[in-house]
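Geometric and topological summary
Given next are the chains, with one letter for each unit.
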Amino acid sequence: MADGSPGSPLAWWRRQGLRFRLSAVAVAVLALALALSASVLLSVLDRALMATVDDGTRRQADVVRVAADSGTLTTPITTHDGTIVQVLDARNRITHVTYGADRLVPLLDAAGRARALESGKAVEVDGRPYAVPGFLHVVVLRADRGQTVLAARSISEIRTSLGTAGRVLMVGTPALVVLLAVASWLMIGRTLRPIAALRRGAAEITHTARSRRLPVPASRDEVHHLATTLNDMLARLEEAEQRQRALVSDAAHELRSPLASIRLQLEVALGHPEGQDWQETAEGVLEDTLRLSRLAEDLLALARLDERGGVPARREPVELDEVVRRVVDRYAEARLTVCDPVVVRGDALDLSRVLTNLMDNAVRHTSSKVEVALTADGVLTVTDDGPGIPEQDRERVFNRFTRLDSGRSRDEGGTGLGLAIVRETVRAHGGTVVLEDAAPGLRAVVRLPVSR
């Protein structure tokens, strides 16, 4: 049941809120850390206290051994810290003891004394058979003339202290975990409050309130950056929607004119068939149909550019000089002045459409000739000697469906989308396009990054 099925603990865990999961993980990690810390503390404290007792006992036993070696032992042996001492002779008989110690039975038998001497460590024994409550730690040292010194000290107080510390930790650790759980719940809730505000703000943004933005917290943290990024995304979406609506509106307006012209010509022809020149009517309908076809192709090209998000359909090496020669050869008015070998990365068809649109505009407005040049640094220029465009309008003509007063007549054949397609395509290829004064006429300058 741990595979994420609806009834498994993992599925239950995933259904919980982020605040609960963060708090639960924090509390679990904290509880585990406190439990390990308490265990380590008791273990270290036990070893430290036992080591202190054993060191003190060993020092007292060493003092007694020195006295035994020099033959200055007193009866009973006096100790200042309550250490129990027994001194055995070579025949394992107790010869000297401290006050209250057993004078007949050694604290350790012969085998125990041998093991203690071999290991050099204190041995724990039950003190009750020797009328000592609790357990004892016994240290054994070898003295001269076969004597053996046994020194012991009770560890019952240490065990009592450790037990008290354990009980305090047993009660205090859960209380601390509960306190920290409450603090974590409150702190995480406060941390997630801006995210909840973002969620409420996002829920209030509908199709009737597109211009609203998400609340941005004052703190300069990750949530602040998230809110700023989301607001930027909303602004881009709003801008894209406005552009789409404007495109649909302009396209509907542009389509309505040729359709109305076709309908009017056909209605007149059908209403007065006897006096109608059908050849002229067919030519007029064909002209409007070609205009519709060009508009549909331009709209499709813009839609594909928008769909690709400003990225060319292909990125492959393109010999731009060959593309320029093929396009210029189709125009009788055009003259290729400079055509250096240039290789760029992109889509050959899109780049060909860029030059075609520029050539169509130049041929439509030129007085006598159109000059085209391509230099080795990737600069393509198309120059005509027509009336030109005022400086204040040279940026505006790149907008979709933009026609200047001198070129508003739809009979001229323009859809108002050619330069918009040029700019979008050039930007997709990483380049720029501007219009300059040619005195007389207009020069379109396209700069594309050259592939090295």
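Here the structure is a predicted model, which means the values were calculated and not measured.

So, on to the sheet that holds strand 11 (residues 432-437). The strands making up a sheet associate through backbone hydrogen bonding, with each pair oriented either parallel or antiparallel. One open sheet holds the 5 strands; their spatial order is 7-9-10-12-11, and the pairing between them is mixed. Where the open sheet ends on each side, the last strands, each with one partner, are strand 7 (334-339) and strand 11. Direction aside, neighbouring strands of the sheet carry axes that sit 15° apart on average. Bridge analysis of strand 11 against strand 12 (residues 442-447) gives 6 bridges, and the strand direction is antiparallel. The partner of Glu 436 across the bridge, within strand 12, is Arg 443. Strands in contact with helix 7 (residues 320-328) are strand 7, strand 9 (370-374) and strand 10 (379-384); relative to strand 7, the strand with the most contacts, it is inclined by about 165°.

The next subject is helix 8 (residues 348-365). Structural remark: α-helix, 3.6 residues per turn; residues separated by three or four positions point the same way. Relative to the 26 Å expected for 18 residues at 1.5 Å per residue, helix 8 spans 26 Å between its end C-alpha atoms, a close match to the ideal helical length. For helix 8, the set of buried residues is Asp 350, Leu 351, Ser 352, Val 354, Leu 355, Thr 356, Asn 357, Leu 358, Met 359 and Ala 362. The N-cap residue of helix 8 is Asp 347: its side-chain oxygen and the backbone nitrogen of Leu 349 are 2.8 Å apart.

Packing of helix 8 against helix 9 (residues 418-428) leaves a shortest axis separation of 9 Å and a crossing angle of 145°. The handedness of the crossing between helix 8 and helix 9 is left-handed. Of the residues in helix 9, those in contact with Asp 350, Arg 353, Val 354, Asn 357, Leu 358 and Asn 361 of helix 8 are Gly 418, Leu 419, Ile 421, Val 422, Thr 425 and Val 426. Taken together, the residues that form the contact of helix 8 with helix 9 break down as 6 nonpolar, 4 polar and 2 charged.

On to a nonpolar patch on the surface. Among the surface-exposed residues, Trp 12, Phe 20, Val 178, Val 182, Trp 185 and Leu 186 lie close enough to one another that they form a single nonpolar patch of about 580 Å² accessible area. Broken down by element, the residue count for the nonpolar patch peaks at 4 residues, all from helix 4 (residues 156-204).

The subject of this paragraph is the UniProt feature "coiled-coil region" (unreviewed entry) in the protein chain. UniProt marks residues 223-250 with the feature "coiled-coil region" (unreviewed entry), using the numbering shown here. End C-alpha atoms of residues 223-250 are separated by 40 Å, and the span's content is 100% helix alongside 0% strand.

Residues annotated by UniProt as "transmembrane region" (unreviewed entry) correspond here to residues 20-42 and 168-188. Span residues 20-42 is 100% helix and 0% strand, its end C-alpha atoms 32 Å apart. Spanning residues 168-188, this segment combines 100% helix with 0% strand, and its end C-alpha atoms are found 29 Å apart.

Before going further, it helps to examine the nonpolar core. Counting 34 residues, the largest nonpolar core has Leu 320, Val 324, Leu 358, Met 359, Val 372, Val 382 and Leu 435 as the members making the most contacts within it. Of all the elements in the fold, those that place two or more residues in this core are helix 7, strand 7, helix 8, strand 9, strand 10, helix 9, strand 11 and strand 12. Counting residues per element, this core draws most heavily on helix 8, which supplies 6 residues. Not counting residues within four places of it along the chain, the set of residues in contact with Val 382 comprises Leu 355, Leu 358, Met 359, Ala 362, Val 370, Glu 371, Val 372, Leu 442, Arg 443 and Ala 444.

What follows concerns unusual backbone geometry. Between Thr 75 and the following residue, Pro 76, the backbone shows a cis peptide bond with an omega angle of -5°. Residue Pro 440 is bonded to the preceding Ala 439 through a cis peptide linkage, with omega at 0°. Within the secondary structure, Pro 440 is located in the loop between strand 11 and strand 12. We note that Asn 92 has phi near 65°; this positive angle belongs to a residue other than glycine. Here Asn 92 is to be found in the loop between strand 1 (84-88) and strand 2 (94-97). Judged by its relative accessible area of 42%, Asn 92 falls in the partly exposed class. Backbone geometry at Arg 145 places phi at a positive 60°, although glycine is not the residue there. If you trace the backbone, Arg 145 turns up in the loop between strand 4 (135-142) and strand 5 (148-154).

Conventions we followed
Residues numbered from 1 in each chain as written. Predicted model: local features only at pLDDT ≥ 70, side-chain atom pairs only at ≥ 80, totals over all residues. Heavy atoms only, no water. Pairing = 2+ DSSP bridges. Helix = DSSP H or I, 4+ residues; strand = E, 2+ residues; numbered from the N terminus. Axes fitted to C-alpha atoms, helices over the stretch in contact; angles between N-to-C directions. Contact = heavy atoms within 4.5 Å. Expected span 1.5 Å × (residues − 1). Buried < 20%, exposed > 50% of the residue type's maximum accessible area, 1.4 Å probe, protein only. Polar contact = N/O pair within 3.5 Å; in protein donor to acceptor, adjacent residues only side chain to side chain. Left-handed = near helix turned anticlockwise from the far one by under 90°. Nonpolar A, V, L, I, M, F, W, Y, C, P; charged D, E, K, R; others polar. Patch = residues over 30% accessible without salt bridge, like charges linked within 9 Å, V, L, I, M, F, W, Y side chains within 5 Å. Areas by Shrake-Rupley, 256 points an atom, 1.4 Å probe, with all protein chains shown as cover. Salt bridge = Lys/Arg side-chain N within 4 Å of Asp/Glu carboxyl O. UniProt positions renumbered as here; feature names shortened; annotations may be inferred. Core = buried A, V, L, I, M, F, W, Y, C linked by side-chain atoms within 4.5 Å.

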